[in-house]
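Coordinate inspection notes
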Amino acid sequence: MSGLKKLGKETNLQNQGASIQLHDGRWMPVVAFGTFYPFTFPGDSQANPGHCAGTKHGTEKSFIDDVRVATKMALDLGYRHVDGAFLYSSETGVGQAFREKFADGTLKREDLFYTSKLWNTFHQPHLVRPALEKTLSFLQMDYVDLYLIHMPMSFKPAEELFPKNEDGTCAFDQPDLLQTWQALEECRDAGLVKSIGVSNFNRRQLEMILNKPGLKYKPVCNQIECHPYLNQKQMLEFCKSKDIVVVAYGVLGSPGAGKWVDQSCPILLEDPVLISIGQKYSKSPAQVSMRYMIQRGCVAIAKSFNPDRMKQNLEVFDFQLSQEEMAAIDGLNKNMRYWSFSEWEKHPQYPFHSQY
């Protein structure tokens with residue numbers, strides 16, 4: 001990995017347009033705007049307007065418009081990396097925002113980096129390309145910049161996001177993930193995606209892909225939960241050794257994720273160490289956490305639809321944490337997950353039984 005892209009006389013760590021180079025040569029902006037909205041929740045049939053409440057993906061007008069407005073505002077503020085997924089049911093709104101910015105001439109397609117993800121019900125190899133094509137139809141775009149296997153846990157193919165067995169438990173599936181990966185490689189060869197990667201994979205699962213016989217493209221990234229309370233030191237070192245970028249979600253402690261996260265966990269942004277360091281630089285604890293992740297070489301996803309916080313989450317390039325401050329934040333690690341996905345812990349490919 002060639003490291004951080006230089007823009008003019010400054011490295012992009014000092015510039016809002018900061019990007020990191022992937023091993024396939026493409027550049028990924030180090031701050032991403034997250035489009036997850038906590039409607040979707042396993043077991044709550046009324047939670048997700050795009051799938052579970054009886055409407056088609058992305059057709060809940062008010063929700064989609066909220067996403068459109070927020071995404072357009074993010075682009076106006078300067079975000080150039082947008083993180084989405086089929087699961088989020090928001091890709092129609094994201095696509096509308098993109099097209100409006102293309103139409104008014106302020107952005108071109110090549111100015112943007114869009115990430116989407118293959119949901120668990122589409123792991124059977126013959127379902128991979130149709131799933132990606134479905135995402136492209138929602139976006140009304142010809143390609144996505146990055147496509148990830150959202151989780152290593154496979155569900156039975158179904159119209160619902162969370163298919164159930166008769167006893168109410170989640171209906172698991174066990175396709176060969178190496179064949180799933182090969183189907184992603186074929187999507188890349190077809191020009192439907194520029195780069196491919198994984199999300200929520202542990203070391204063993206990553207090595208399974210890396211050791212695949214006939215591997216054509218190795219993952220460019222692993223998108224994982226990562227923040228000062230779960231600093232993922234071992235996973236980060238492993239990924240760096242394999243030239244794989246860590247893309248961090250939950251960087252702010254996921255305060256708006258609702259029932260998806262463990263509500264009994266301590267609140268990251270109330271940590272006195274982050275508060276104290278922030279006061280030194282006139283920055284919020286959220287900005288300190290973002291900066292910490294970026295200085296470690298990670299891409300940080302920030303999710304907020306609040307205009308002021310959206311703006312603040314980009315204002316992390318005008319200060320630098322000292323080695324002592326980085327070490328102090330390292331010391332906050334509790335190996336604590338907000339996102340444990342414990343309802344699926346009996347799945348054979350549940351990733352978090354391993355230390356990393």
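Just so it is clear, the structure is predicted and the values come from calculations on it, not from any experiment. (Residues numbered from 1 in each chain as written. Predicted model: local features only at pLDDT ≥ 70, side-chain atom pairs only at ≥ 80, totals over all residues. Heavy atoms only, no water.)

1. Concerning the packing of helix 3 (residues 125-139) against helix 4 (residues 177-189)
The N-to-C vectors of helix 3 and helix 4 enclose an angle of 40°; their axes lie 8 Å apart at closest approach. As the angle between them shows, helix 3 and helix 4 are arranged oblique. Crossing handedness for the pair helix 3 and helix 4: right-handed. The segment helix 3 lies against helix 4, with Pro125, Val128, Arg129 and Leu132 engaging Gln179, Thr180, Ala183, Leu184 and Cys187. Considering only residue class, the contact of helix 3 with helix 4 consists of six nonpolar, two polar and one charged. (Axes fitted to C-alpha atoms, helices over the stretch in contact; angles between N-to-C directions. Helix = DSSP H or I, 4+ residues; strand = E, 2+ residues; numbered from the N terminus. Parallel < 35°, antiparallel > 145°, perpendicular 65-115°, else oblique. Left-handed = near helix turned anticlockwise from the far one by under 90°. Contact = heavy atoms within 4.5 Å. Nonpolar A, V, L, I, M, F, W, Y, C, P; charged D, E, K, R; others polar.)

2. What about the state of the cysteines?
Tallying each qualifying case throughout the model produces zero disulfides. Among the cysteines around Cys239, which has no disulfide bond, Cys298 carries the closest sulfur, lying 8.9 Å off. Looking at Cys239, the relative accessible area reads 0%, which means it is buried. (Disulfide = S-S within 2.5 Å. Buried < 20%, exposed > 50% of the residue type's maximum accessible area, 1.4 Å probe, protein only.)

3. Side note on the UniProt feature "active site" (unreviewed entry) in the protein
If you check UniProt for "active site" (unreviewed entry), the listed places come out as Tyr88 in our numbering. The exposure class assigned to Tyr88 is buried, which follows from its relative accessible area of 8%. (UniProt positions renumbered as here; feature names shortened; annotations may be inferred.)

4. Some words on the pattern of salt bridges
Counted according to the given criterion, the structure contains 16 salt bridges. Across the pair Arg26 and Asp145 runs a salt bridge, and its minimum N-O distance is 3.0 Å. Of the two residues, Arg26 sits in the loop between strand 3 (19-21) and strand 4 (27-29) while Asp145 sits in strand 8 (residues 144-149), which places them 119 residues apart along the sequence. Its relative accessible area of 1% is what places Asp145 among the buried residues. (Salt bridge = Lys/Arg side-chain N within 4 Å of Asp/Glu carboxyl O.)

5. A closer look at the packing of aromatic side chains
Tallied over the entire structure, the rule returns 20 aromatic pairs. With a centroid separation of 5.8 Å and 85° between ring planes, the pair formed by Phe98 and Tyr114 is classed as edge-to-face. You can see Phe98 sitting in helix 2 (residues 91-103) and its partner Tyr114 sitting in strand 7 (residues 113-118), a full 16 residues away along the chain. Given a relative accessible area of 1%, Phe98 falls into the buried group. The class of Tyr114 is buried, set by a relative accessible area of 0%. Centre to centre, the rings of Phe155 and Phe172 are 6.2 Å apart; their planes meet at 25°, and the pair counts as stacked. One end of the pair, Phe155, is in strand 9 (residues 154-155); the other, Phe172, is in strand 10 (residues 172-173), with 17 residues separating them in the sequence. Three or more aromatic residues joined by ring pairs form one cluster here, namely Phe36, Tyr88, Trp119, Phe155, Phe162, Phe172, Tyr249, Trp339, Phe341, Trp344, Tyr350 and Phe352. Cation over ring: Arg188 sits above Tyr217, and NZ or CZ is 3.7 Å from the ring centre. The residue whose ring lies beneath Lys303 is Phe305, and the NZ or CZ to ring-centre distance is 4.2 Å. (Phe/Tyr/Trp six-rings, centres within 6.5 Å; stacked < 30°, edge-to-face > 60°. Lys NZ or Arg CZ within 6 Å of the ring centre and 35° of its normal.)

6. A few points about the pairing of strand 14 (residues 299-302)
A two-sided burial pattern is seen for strand 14, the buried positions comprising Val299 and Ile301 on one face and Ala300 and Ala302 on the other. Inspection of the sheet shows strand 5 (residues 31-34) paired to strand 14 by three bridges, in the parallel sense. By the bridge assignment, Val31 is partnered in strand 14 with Ala300. As paired elements, strand 13 (residues 245-249) and strand 14 share two bridges and run parallel to each other. (Pairing = 2+ DSSP bridges.)

7. Notes on empty space enclosed by the protein
Taken as a whole and judged by the stated rule, the model has one cavity of 30 Å³ or more. For the largest cavity, the calculated volume is near 70 Å³. If you trace the largest cavity, you find it lined by Asn200, Phe201, Asn202, Ile224, Gln232, Met235, Arg337, Pro351, Phe352, Ser354, Gln355 and Tyr356. Of the residues belonging to the lining of the largest cavity, the class tally is six nonpolar, five polar and one charged. (1 Å grid on protein atoms, 1.4 Å probe; cavity = no way out; pocket = protein on both sides within 12 Å on 5 of 7 lines; lining within 4 Å. Points joined across faces, edges and corners; volume = space filled by probe spheres on them.)

8. What to know about the UniProt feature "site: Lowers pKa of active site Tyr" (unreviewed entry) in the protein
According to UniProt, the feature "site: Lowers pKa of active site Tyr" (unreviewed entry) maps to Lys117 in the numbering used here. With respect to the secondary-structure elements, Lys117 resides in strand 7. Polar side-chain contacts of Lys117 include one of 2.8 Å to the side chain of Asp83. (Polar contact = N/O pair within 3.5 Å; in protein donor to acceptor, adjacent residues only side chain to side chain.)

9. Observations regarding the sheet that holds strand 11 (residues 193-199)
With parallel pairing, the eight strands of this closed barrel are ordered in space as 5-6-7-8-11-12-13-14. The mean angle between the axes of side-by-side strands here comes to 30°, regardless of whether they run parallel or antiparallel. By the bridge criterion, three bridges tie strand 6 (residues 81-83) to strand 7 in an arrangement that is parallel. If you follow Val82 over to strand 7, its bridge partner there is Tyr114. The sheet strands contacting helix 3 are strand 7, strand 8 and strand 11, and the helix crosses strand 8 at an angle near 135°.

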